[in-house]
Amino acid sequence: MKLPFYPELVRFFYSNLEIQEDSLISDVYGIKMVIDQSLLFDLTQLSSDGVPFKGTLDDEWKFDFFVSDARRMVCTNQADMTRRLLAGSLAFE
């Protein structure tokens, strides 16, 4: 990213995130943010086509996969790894 970013604000956004109908809605310091499907695709440059998750890990790498390692990769150092992961414990990166 070339522009400044604010990890704490991103955490607040995801911690307060709700999904209502076809929109993501959050509140950060009293500012309501609504991201509809069209805006989400514009912001992320994602296509609307996805790949269905089959509920299993790929055979090629499943023996090298450890849940604890995956959790450490996506969470801040302060996150409680023994409980359900909450959006506020996710690292910005």
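The structure displayed is predicted, hence computed values, not measured ones.

### Things to note about the sheet that holds strand S2 (residues 23–28)
Within the open sheet, the three strands sit side by side as S1-S2-S3. Their pairing is antiparallel. Only two strands of the sheet have a single neighbouring strand rather than two, namely strand S1 (18–20) and strand S3 (31–36). Each neighbouring strand pair of the sheet contributes to a mean axis angle of 30 degrees, computed without reference to strand direction. In terms of strand pairing, S1 meets S2 through three bridges, oriented antiparallel. Looking across to S2, one finds that isoleucine 19 is bridged to leucine 24. Sitting on the sheet, helix H1 (residues 7–15) touches S2 and S3, and the angle it makes with S2 is about 125 degrees.

### Brief notes about the packing of aromatic side chains
This structure, assessed with the given rule, holds two aromatic pairs. Ring geometry for phenylalanine 12 versus tyrosine 29: centroids 5.0 Å apart, planes at 70 degrees, classification edge-to-face. Of this pair, phenylalanine 12 sits in helix H1 while tyrosine 29 sits in the loop between S2 and S3, and the two are 17 residues apart along the sequence. Measuring from centroid to centroid gives 5.1 Å for phenylalanine 13 and tyrosine 14, while their planes differ by 85 degrees, and the two rings are edge-to-face.

So, how was this worked out
Along each chain, residues carry numbers from 1 onward, in the same order as the chain's sequence is written. Only residues with pLDDT of 70 or above have their local features reported here, since the model is predicted, and side-chain atom pairs are shown and tallied only from 80 upward, although totals for entire chains, interfaces and linings are computed over all residues. Hydrogen atoms and water are omitted, and side-chain values are computed over all heavy atoms in the structure. If DSSP finds at least two bridges between two strands, the strands pair. Helix and strand labels come from DSSP, where a helix needs a run of H or I of at least four residues and a strand needs a run of E of at least two; each type is numbered from the N terminus. Note on geometry: axes are lines fitted to C-alpha atoms, helical ones only across the stretch in contact, with angles between N-to-C directions running from 0 to 180 degrees. Contacts are assigned to residue pairs that have any heavy atoms within 4.5 Å of one another. Aromatic rings from Phe, Tyr and Trp, taking only the six-membered ring of Trp, are treated as a pair when their centres fall within 6.5 Å; an angle between ring planes under 30 degrees marks them as stacked, one over 60 as edge-to-face, and anything in between as tilted.

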